[in-house]
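Topology and contacts: notes
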Amino acid sequence: MRKWFQVAFAINIFLNLTNLFAFMPAWLGLSLQVIGGLMFLVNLAYLFSERALVVSLMRNQLTWGLLVLFFIWPVIGAIYPILNGYSLTREVILQAFYFTIILGVAVYVLRVSYARARLLIYICFGVTIFGLFAQVFLPSLFYSVAVLVKGSGEVFSYGRAAGFYVNPNVAGRFVILMYLVLVLSPKKLGAFEISALTAVSFAGVLLTASRSSLLIALIAFVYVVGHQLAIPYVRGRLSFNPGRIFLGSFGVAVVIILTVITLPIASKYVLENTDVGMKKDASQRFEIFANGFSGFVERVEEEALLRWYTVEPYVDGFKESWLFGRGLAGYRIYMQENNLALTPHNTIFAMWMNYGVFYVLFGVTFTLMLALGPRMRVVENHLKMIFSPIVLIVLIGIMFTYDALLAQRGLYMLIGIFLALYCAPKGWFKFDEYMSEQSVFRKSRRRGRRS
């Protein structure tokens, strides 16, 4: 029975990471609320079937820190009378759903190994990349699926690719987060796999025409390529030598030069050979990439100024509640109360406005303690990359340029994986290394210490 719950949870992960659950009401004839409720029940059933591992996770301070971030402060904030008139039930249920996803991912990784869990992530990544390409180059195929969703005709419109995601920015961030997950492996990745992942991820982010995503992705690509070439792990230890430093610098230079060369060419090809140019907003964004590096920088500077104008309408509400916040979903309620067209487009500002300065300080302190703690070094040695700097840079980049970090399903996968690795006993790492060396289609006879 536990095996069936495991399979059902893996399907849940697939539907969430690819966003395909949005199509299920049309396929099954059920409402999205019912679909979400069924998925929540699957999460709970899986956690109950693996209650021994759940108990072991609950003994770790990291799990309780996540509980504080998800529930304690938001619930305290939700009792403020100022929030009457907005359905907070949905917000609490969503946070509970995502927390069960995090716990479930951690249990799944501990049970099947991270090496095997990466296969599921590869599948989700591949489906999303296919959706990105299909929306631009095979629109009839993509929209024949998209229009199955009630009311999706206007949502999935010609223009910036989002794949199976509605928002192109969310799609771009998803590709970046999944790229980081996939380049972390207990088995050393070859140059071909890293190059292929980087090229495919670059193409996927480019098709979203998300300028901030492209900048964040480029930083991630440069770090990963430079790290793998300049200071790789050799026999479990970092290797430093002048030749490697030169090779890493050369690799970074190649990535930057190829980006500068291919960005305008690829953008012009999309504009001239696809239906993207039919929509003004999409064509303007791709034209930014097509105008070369100087034109791109100039438009990014203009965009940074425009971003301030999305934050400015919220400043008065922020001044009134910066200490304790306005409560759960406070900035969205403020948006409704003042008939604002756009959200702040800044996760840190939005969280601060919701929960106050103490929540933000707790989150920052909690994150830094994890990143600088000795356990992080153990996990980084296992995954053969000093990944904490680039993960923090990517998350900060996303938080400063978009306010939907907490709705990023890729983030929950990332947190669940780190939770598993932080809480795993030493024997589990040997099991994970063993599983990484095995063929995907071959059952392992060795159980290992999984809990």
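About the criteria used
Residues numbered from 1 in each chain as written. Predicted model: local features only at pLDDT ≥ 70, side-chain atom pairs only at ≥ 80, totals over all residues. Heavy atoms only, no water. Buried < 20%, exposed > 50% of the residue type's maximum accessible area, 1.4 Å probe, protein only. Helix = DSSP H or I, 4+ residues; strand = E, 2+ residues; numbered from the N terminus. Arc of directions from axis to C-beta. Contact = heavy atoms within 4.5 Å. Axes fitted to C-alpha atoms, helices over the stretch in contact; angles between N-to-C directions. Parallel < 35°, antiparallel > 145°, perpendicular 65-115°, else oblique. Nonpolar A, V, L, I, M, F, W, Y, C, P; charged D, E, K, R; others polar. pLDDT = per-residue confidence, 0-100. Core = buried A, V, L, I, M, F, W, Y, C linked by side-chain atoms within 4.5 Å.

Moving on: helix H19 (residues 374-383). Turning to H19, its buried residues are Met376, Val379, Glu380, His382 and Leu383. Along H19, the residues classed as buried sweep out an arc of 160° about the axis, all on the same side. Packing partners of the buried residues in H19 comprise helix H7 (114-137), strand S1 (233-234), helix H18 (357-372), helix H20 (388-401), helix H21 (409-423) and helix H22 (426-437). Directly after H19, the chain includes Lys384, whose backbone phi takes a positive value near 60°.

Their axes nearest at 11 Å, the elements helix H9 (residues 168-182) and H20 cross at an angle of 170°. Relative to H20, H9 is oriented roughly antiparallel. On the side of H9, the interface is formed by Arg173, Ile176, Leu177 and Leu180, while H20 contributes Ile390, Val391, Val394, Leu395, Ile398 and Thr401. Split by residue class, the contact of H9 with H20 holds eight nonpolar, one polar and one charged.

The subject of this paragraph is the confidence of the model for the protein. Counting all residues, the mean pLDDT for the protein is 80, and 84% of those residues have values of 70 or more. Taken element by element, the predicted model of the protein shows its lowest mean pLDDT in helix H13 (residues 280-290) (69) and its highest in helix H4 (residues 51-58) (91). Scored below 50 in pLDDT, residues 81-85 makes nine contacts in the model with residues more than four places away or belonging to other chains. Taken together, the stretch residues 150-155 has pLDDT below 50 and engages in three contacts with residues farther than four places along the chain or on a different chain.

Among the nonpolar cores identified, the biggest contains 119 residues, and Met178, Phe387, Val394, Ile417 and Trp428 are the most heavily contacted of them. Excluding anything up to four places from it in sequence, Phe387 contacts Leu184, Met376, Val379, Glu380 and Phe418. In terms of nonpolar packing, the next biggest core, distinct from the first, is built from nine residues, Tyr331, Phe349, Ala350 and Met353 among them.

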